[in-house]
Amino acid sequence: MRGVGFTEMTVRDGRRMSAWQSFVAPILGHPALTVTTSALIDRVVVENGRAVGVEYLVDGERQVARAEAEVVLAGGTIGSPAILLRSGVGPAAHLRDLGIDVVADVAGVGENLHDHPLISVVYEAKKPLPAGTNNLLEAQFYADSAGWTGAAPDLQPLFLHLVYPAEGYEMPEHGYTIAAGIVAPKSRGTLRLASADPTVPALVDPRILTDPYDLEALCDAIEMSREVGAQRAFDEWREREVAPGPDATSRDDIRAFARRSVGTYHHQAGTCRMGVDELAVVDPRLRVRGVEGLRVADASIMPVVPSGNTNAPSIMVGEKAAELILG
Ligand SMILES: Cc1cc2nc3c(=O)[nH]c(=O)nc-3n(C[C@H](O)[C@H](O)[C@H](O)COP(=O)(O)OP(=O)(O)OC[C@H]3O[C@@H](n4cnc5c(N)ncnc54)[C@H](O)[C@@H]3O)c2cc1C
């Protein structure tokens, strides 16, 4: 993976394709498929240790869908653990605090939350940029931070054909961004419920940069991004570096910028981690520990976020789940 390349995309005939467009829309008329939109899943219905359906709200009205074979949750890294917790599957003490009956004491639900932290090194352009030719996230490079010995690289700076704002800075009208990202973060956060009410958002504590490695790796990525941005190839376009800006000269300045302006690359993973240990939430066949007939199939099952962007890997989790279920 090391080196520079154009961004890979999920496209067909020049149009970006979502999982819905690719997998569901083509079979909408299938008699075995019912699609209900605007449905908020409250919880999985568990009877005698077995998942037999889901309870959900549509326009505030409570409904139940019964499952003949099994229930598969695909609510994502934020949604799936929240549904499990409301279903009584999670750390027993937390469930009791919320008045939720414990169905299975699974300590790992909502643990291991992590993401790819990202921060924008922003440039003002001398003139308006022409239209992008890719998806505006035009190109990226993979590299190693100082001392990194992993098989895959741990840094992923991106070239964005637009101003991707850096928190705390005034943004120019015309510009471009080299966003510094780290893809092997060590910090881990948590997801907990604030309430048993499904309309109340979950409590998400990402604990970004709590591991010192993450901060230093992010600083390495920022320095690389600035080095790229200062190259002569950009002379025609670069008016000035806006963030972190010319005043950021020392490593401590870069650290301060990292802490001030770090954001998310939206690649959250890990809250229903797959594994065979006590903290695992699903087994290697994606079955939830302690409940029969229940699987999770989304980015939440990833034990460790992949080094690349997470959309295609999430789709692969879905395809693997289908194979396991059919098998
Ligand atoms: C702004 C943004 C940009 C991104 N860009 C890229 C990119 O360029 N490339 C890339 O590879 N990845 C990208 N990602 C990441 C990628 O989209 C995710 O990793 C991927 O979609 C995760 O898939 P998933 O199935 O785990 O969860 P999701 O795709 O989030 O699907 C979960 C679904 O469950 C629904 N849901 C959750 N809880 C409930 C509930 N209680 N009741 C009913 N429904 C519920 C949600 O509404 C959602 O539709 C981006 C993400 C974001 C947010």
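Scroll up a little and you will see the structure.
No experiment lies behind these values; they were computed from the predicted model shown.

Our focus in this paragraph is the overall build of the protein chain. A tally of helices and strands in the protein chain yields six helices and 18 strands. A compact globule built from 327 residues would reach a C-alpha radius of gyration of about 20 Å, and the protein chain, at 22 Å, matches this within 12%. A total of 327 residues make up the protein chain; the buried ones form 35% of that total. Expressed as a percentage of contacts within the protein chain between residues at least 6 apart in sequence, the contacts between residues at least 24 apart total 66%.

Right, let's get into the site of the ligand. Taken together, 18 residues lie around the ligand, and G76, G79, D298, N309 and N311 are the ones closest in. If you list the elements that add at least two residues to the shell around the ligand, you get strand 4 (39–47), helix 2 (76–86) and helix 6 (311–326). Broken down by element, the shell around the ligand gets its largest block of residues, four residues, from helix 2. Class assignment of the residues belonging to the shell around the ligand gives a composition of seven nonpolar, 10 polar and one charged.

We now examine the sheet that holds strand 6 (residues 61–66). Spatial strand order, 4-5-6: three strands in an open sheet with antiparallel pairing. In this open sheet, the two strands that pair with only one neighbour each are strand 4 and strand 6. Averaged over all pairs of adjacent strands, the angle between strand axes in this sheet comes to 30°, irrespective of strand direction. Note that strand 5 (residues 50–58) and strand 6 share six bridges and pair antiparallel. Pairing of L57 across the sheet is with R62, part of strand 6.

Secondary-structure assignment places L136 in the loop between strand 10 (117–125) and strand 11 (137–142). Sequence separation of L136 and Y176 is 40 residues, and the distance between their C-alpha atoms is 9.8 Å. The contacts of L136, once residues within four sequence positions are left out, are L160, H161 and L162.

For the rest of this paragraph, the subject is the nonpolar core. Counting residues in hydrophobic clusters, the biggest one holds 38 residues, and the most contacted among them are V89, V282, V288, V291, V296 and I301. Only strand 4, strand 5, strand 7 (71–73), helix 2 and strand 18 (294–296) provide two or more residues apiece to this core. With four residues, the single largest contributor to this core is helix 2. Not counting residues up to four positions away in its chain, the partners in contact with V296 are L73, S80, C272, V282, L286, V288 and I301.

Our focus in this paragraph is helix 5 (residues 251–261). All of the buried residues in helix 5 are I254, F257, A258 and S261. Projected down its long axis, helix 5 carries its buried residues within an arc of 100°, all on one side. Contact partners of the buried residues in helix 5: strand 10, helix 4 (212–229) and strand 16 (238–243).

Before going further, it helps to examine the environment of A74. Looking at the secondary structure, you find A74 in the loop between strand 7 and helix 2. When the 17 C-beta atoms within 10 Å are taken as the criterion, A74 is described as partly exposed. In this structure the C-alpha to C-alpha distance between A74 and D298, which are 224 residues apart in sequence, comes to 5.2 Å. Each residue touching A74, except ones within four places of it in the same chain, is listed here: A297, D298 and G318.

Successive side chains on a regular strand alternate, one facing one side of the sheet and the next facing the other. Taking burial as the measure, the nine residues of strand 10 include seven buried ones, the bulk of the element. Sheet topology places strand 10 next to strand 17 (residues 263–264); two bridges connect them, and they run antiparallel. Bridge pairing links P117 to T264 in strand 17. For strand 10 and strand 13 (residues 175–181), the ladder comprises seven bridges, and the chain directions are antiparallel. In the sheet register, L118 faces strand 13, and the bridge partner there is G181. Judged from the four bridges that link them, strand 10 and strand 16 form a sheet pairing that is antiparallel. Across the sheet, residue A125 finds its bridge partner in strand 16, namely R238.

Let us look at the packing of helix 4 against helix 5. The interhelical angle for the contact between helix 4 and helix 5, taken along N-to-C directions, is 105°, at an axis separation of 9 Å. Classified by the angle between their axes, helix 4 and helix 5 sit roughly perpendicular to one another. Here helix 4 contributes L215, L218, C219, I222 and E223 to the contact with helix 5, which in turn contributes R251, I254, R255, F257 and A258. Of the residues assigned to the contact of helix 4 with helix 5, the class counts are seven nonpolar, no polar and three charged.

Moving on: the pairing of strand 4. Pairing analysis gives eight bridges linking strand 4 to strand 5, with the strands arranged antiparallel. Pairing of I41 across the sheet is with Y56, part of strand 5. The turn linking strand 4 back onto strand 5 is made up of two residues, and N48 within it adopts a positive phi angle of 50°.

Calculation rules
- Residues numbered from 1 in each chain as written.
- Predicted model: local features only at pLDDT ≥ 70, side-chain atom pairs only at ≥ 80, totals over all residues.
- Helix = DSSP H or I, 4+ residues; strand = E, 2+ residues; numbered from the N terminus.
- Rg over C-alpha atoms; globule rule 2.2 N^0.38 Å.
- Buried ≥ 20, exposed ≤ 12 C-beta atoms within 10 Å, placed from the backbone.
- Contact = placed C-beta atoms within 7 Å.
- Near = placed C-beta within 6 Å.
- Nonpolar A, V, L, I, M, F, W, Y, C, P; charged D, E, K, R; others polar.
- Pairing = 2+ DSSP bridges.
- Axes fitted to C-alpha atoms, helices over the stretch in contact; angles between N-to-C directions.
- Core = buried A, V, L, I, M, F, W, Y, C linked by C-beta atoms within 7 Å.
- Arc of directions from axis to C-beta.
- Parallel < 35°, antiparallel > 145°, perpendicular 65-115°, else oblique.

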